[in-house]
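The primary structure of each chain is shown beneath.
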Amino acid sequence: MRKGLLPFLLMTAALLLSACNPTRVLTGNQRMLLRNNVDVKGTSSADLDDDLKSYCRPIPNTRFLTVFLIKPRLYAMGQPKVDKKTGELTDTKMRKWLREKAGEPPVLLDSSKIEESIDQLKIVMKQKGYFDADVSYKVIPQKKDPKKVRANYLVTANKPYFISSVSYNIDIPEYKKIVILNKDACLISEGMQYNEEVISDELTRIINLIRDEGYYYVEKSIISCEVSYDPPVDSLQLNPHTVSLEIILKVPKNDNASRYLYKYTYRNAYILPNFTTATASIPQDTVKFRARNKRDSTRYYFITPHLNWMDKPLKDFHYGTLANTIYSKRGVPYSQTVRRRTSQSISQLDNFSYYNIEYKENEKMLDTVKKTGVLDTYIRLTPMKIHSIGGQIDLRNDKSAISFSYLNRNIFKGAEHLLINVSGGYFYYSLNNLFHHNTTYAYPEFGISASLAFPKLFLFNKTQKETGIRYSTSVNASVNYSGLYRRLMYNIGMTYNWSPSYYLNHSVSPIDISTINNSDRRAARVLNYDNYPESYQHKFGKFFLLSFKYSMNYLVPFDVTRNRHNMRISLNFESSGLFLKGLNALFSPDERWIISKNSLDSLGYGYSTFEKVEFTWNYTYKINKNNSFATRLSAGAIIPLDKDSYIPYERGFYLGTSNSMRGWGYRGLGPGSYEHGKDSLYTGDIKIEWNLEYRGTIYKSFKYGIFSDIGNIWLARESEDMPNAEFSISRFYKELAVDVGVGIRLDFNFLVFRVDYAIPIFDPTRYNYGTWINPEWFKNTRRPFRWSNGIKIAIGYAF
């Protein structure tokens, strides 16, 4: 009974909603508008249809999961009923709630709104350079219910107009000089298609150039662009479809006209670090502060609420921390750049939910002879909550995990962030044998980490002030345990992070210390060490790693008006063991162990000297709103620097998960064409992977993917007991595994739920059974083909 109750209730609710047709509330000639469609002819812009659709009115009812019209049905369900005996309308609180709270009336087709939409579409097309565009519409009723209609707009772009010339009309010589000297950076040029958005960006660029020279009173309202059609150029009087642009910059004739010639510099700064509506009525105390930097002569005034019970002003932040975020120092010329950098620095502290930067002129210091003025800076800050707790769930077919985090945004009152994370979960590397009676195919993992981040670069103060829009120094520590090989790993390190621009981020860890211990062969929970060849077993042991790490992430900037391309490049580098090797060679040249055998030989931690580099390139091309093509190329190598150095298992590359080589199970591919047992998971020293995926739309949020993965891992050294596992230039391309697959996705923008299925069509490790897919794979009893390994369930896209 109970097992069938939920499906019964869901089915009943679905039947009730389907029976409540929203058109039953319509009267006379009223018709319900289901959707607006726009079809553009005569232009190659695939995104233009979707852009124009947002200008169509009225806007149809919103759909649940972008598919189901729930609210109009609830509105129809909540209509009063006619009493059969009395003939009067009867209403209930439930019906009233459905009608007024849960539901919404159906959106009606409105001919006047359609005419407004046509006019708006013509305006938008003209803004994009199609001055002669034609727009028509057609109302198409639904076959099953003629009262449900959709409005189809047909936009014929016709020939676009291009820019033939650009001229300037600027009546102030100082302004004109600035514009001419920076003409090379102009966004508009002769021969380009007319586009009002680009022209507006150019006018903004010119105003910002002038303001960056100290002209505070300059505003965008004084600049405009006049467009004139070019006359016919031949005897046939044909329209050349070109226009001439004249950029006009005129100072308005008013009381402040003379101020447009004044240059301004900054003077004092007034900061309200606890600006809220609650503290506005509390008596304020003003604290004068001078920066430690002798070059900074700015006088900072911190205005804070006075708490009578403490008999002193409230101080939640170190004044020096806030003063360092302000770039409007005394004597610095006014510029938009200073304002932008101040805004970025305050935002980087991640401590304020609201901030406002305002400049006020100091009338007493106006110099009418030199035509200079002074500005005081006023900054109002509304703090965030200092403490926060969060959680995250990660669900995949090879992983189920949960994590909890605690964040303190201002632990030492200098905007330092303390983040503590606790996580735990289970990993599964074979769904096919997950519930096998004799073998455990699931293992637990637990971890705890702590990070303390400071909004500064220790020892590099000059760098952080001159370059970058975001920078920090973090100290990290973590402990992680895995039941796969009873591995226990400790890590501690310090990392510098800085971003020279919005597109580029650097991360450097000058010191990163890790210990890895998975040497207890008797305690291995899942896999047996004896399943591995003897040469490979050296990867399991006790390692002490002292590393230098560097990573770079770069988002390639493209033309934002096109919004079709997305490219990301990342580079990771790690150098480990060189420093320890030097110390060992200096003080103990005959010892391999950093712990002397004469003292604490029982610890037995050894070090490994290697260089590791990994490169990843991601590219997505947006064909249109509903379809895109994505690809990823990833390659990496770990090179040991001496012959007796072994690379820890945990530092190796692996393939075969929900996000890479989806035709294989967890760490199930490679190395090379070496044919290993079914219960062995390998990592390699060299990796090559290429992913291709076409992403399309079935309907609204229901999407699909067709993909192929190509790649493999290899060892850096040749081993007699692992034939063909090492990387070889002469044959590596013959050992690239290939899989193909399809997937279904529910993409709600904020959440993507993905189910993929892939099969390997080329497996280099099945050398004795035919590397290309064939019936022998299914007959092989020692390494059976596992259909379930192709099922991949995950949240988010693979790349």
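Residues numbered from 1 in each chain as written. Predicted model: local features only at pLDDT ≥ 70, side-chain atom pairs only at ≥ 80, totals over all residues. Heavy atoms only, no water.

**Regarding the overall build of the protein**
On a plain count of helices and strands, the protein comes out with 12 helices and 30 strands. Taken across its 799 residues, the protein has 44% of its residues classed as buried. Within the protein, counting contacts between residues at least 6 apart in sequence, those at least 24 apart form 66% of the total. When the accessible area of the protein is evaluated, it comes to approximately 42900 Å², of which 57% is carbon and sulfur surface. (Helix = DSSP H or I, 4+ residues; strand = E, 2+ residues; numbered from the N terminus. Buried < 20%, exposed > 50% of the residue type's maximum accessible area, 1.4 Å probe, protein only. Contact = heavy atoms within 4.5 Å. Areas by Shrake-Rupley, 256 points an atom, 1.4 Å probe, with all protein chains shown as cover.)

**Quick look at the sheet that holds strand β4 (residues 134–141)**
The sheet built from 3 strands is open, its strands ordered β1-β5-β4 with mixed pairing. Sheet topology places β1 (32–41) and β4 at the edges, where each strand pairs with a single neighbour. When strand polarity is set aside, the average angle formed by the axes of neighbouring strands in this sheet is 20°. Relative to strand β5 (residues 148–156), β1 runs parallel, the two being bridged by 9 bridges. Paired with V40 across the two strands is V155, which belongs to β5. This element, helix α5 (residues 111–127), spans β4 and β5 of the sheet and lies at about 140° to β4. (Pairing = 2+ DSSP bridges. Axes fitted to C-alpha atoms, helices over the stretch in contact; angles between N-to-C directions.)

**Let's talk about the pattern of salt bridges**
Here the structure, examined in full by the defined rule, presents 23 salt bridges. A salt bridge links K549 to D512; its shortest N-O distance comes to 3.5 Å. Taken as a pair, K549 in strand β22 (residues 542–556) and D512 in strand β21 (residues 504–517) lie far apart in primary sequence, 37 residues in all. For D512, a relative accessible area of 7% puts it in the buried group. Note that E726 is salt-bridged to R731, the shortest N-O span being 3.2 Å. (Salt bridge = Lys/Arg side-chain N within 4 Å of Asp/Glu carboxyl O.)

**Things to note about helix α7 (residues 196–211)**
In this model α7 runs 23 Å from its N-terminal to its C-terminal C-alpha over 16 residues, within 8% of the 22 Å that 1.5 Å per residue would give. Between a side-chain oxygen at the N-terminus of α7 and the backbone nitrogen of E197 the separation is 2.9 Å; the capping residue is N195. (Expected span 1.5 Å × (residues − 1). Polar contact = N/O pair within 3.5 Å; in protein donor to acceptor, adjacent residues only side chain to side chain.)

**Section: the pairing of strand β24 (residues 610–622)**
Looking at chain direction, strand β23 (residues 565–576) and β24 are connected through 12 bridges and run antiparallel. Bridged to H565 within β24 is Y621. Of the strand pairs in this sheet, β24 and strand β25 (residues 628–640) are connected by 13 bridges, and their pairing is antiparallel. By the bridge assignment, K622 is partnered in β25 with S628. With antiparallel pairing between neighbouring strands as the criterion, β24 and β25 make up a hairpin whose turn holds 5 residues.

**Topic: the sheet that holds strand β8 (residues 242–249)**
Pairing is mixed across the open sheet formed by 3 strands, whose spatial order is β6-β8-β7. Two strands bound the open sheet, and with one partner strand each, they are β6 (162–170) and β7 (223–229). Going from strand to strand, the sheet's axes swing by 20° on average, the running direction of each strand aside. Both β7 and β8 contribute to a ladder of 7 bridges, which runs antiparallel. Within β8, the residue paired with I223 across the bridge is L249.

**Some thoughts on the packing of aromatic side chains**
For the coordinates displayed, the defined rule picks out 36 aromatic pairs. Judged by centre distance (5.2 Å) and plane angle (80°), the ring pair of Y175 and Y215 falls under edge-to-face. Separated by 40 residues along the polypeptide, Y175 in helix α6 (residues 173–181) and Y215 in the loop between α7 and β7 bring together distant segments of the chain. Accessibility expressed as a relative area gives 6% for Y215, which makes it buried. For the pair F317 and F352, a centre-to-centre distance of 5.0 Å together with 35° between the ring planes defines the contact as tilted. One end of the pair, F317, is in the loop between β12 (312–313) and α8 (319–323); the other, F352, is in strand β13 (residues 352–361), and 35 residues separate them in sequence. In this structure F317 comes out as buried when scored by relative accessible area, which is 5%. (Phe/Tyr/Trp six-rings, centres within 6.5 Å; stacked < 30°, edge-to-face > 60°.)

**Re the environment of H387**
Mapped onto the fold, H387 is located in strand β15 (residues 387–396). A C-alpha to C-alpha distance of 9.7 Å links H387 and L418, two positions 31 residues apart in sequence. Residues contacting H387, with those up to four places away along its chain left out, are Y406, L407 and N408. In this structure the side chain of H387 is engaged in a polar contact, spanning 2.7 Å, whose partner is the side chain of Y406.

**Concerning a nonpolar patch on the surface**
Together, I393, L395, I402, F404, F750, L751, F753, V755, I791, I793 and I795 line one region of the surface with nonpolar side chains, adding up to about 1000 Å² of accessible area. Residue assignment for the nonpolar patch shows that the elements contributing at least two residues are β15, β16 (399–408), β29 (752–762) and β30 (791–795). Sorting elements by how many residues they give to the nonpolar patch places β30 first, with 3 residues. Given a relative accessible area of 73%, F750 falls into the exposed group. (Patch = residues over 30% accessible without salt bridge, like charges linked within 9 Å, V, L, I, M, F, W, Y side chains within 5 Å.)

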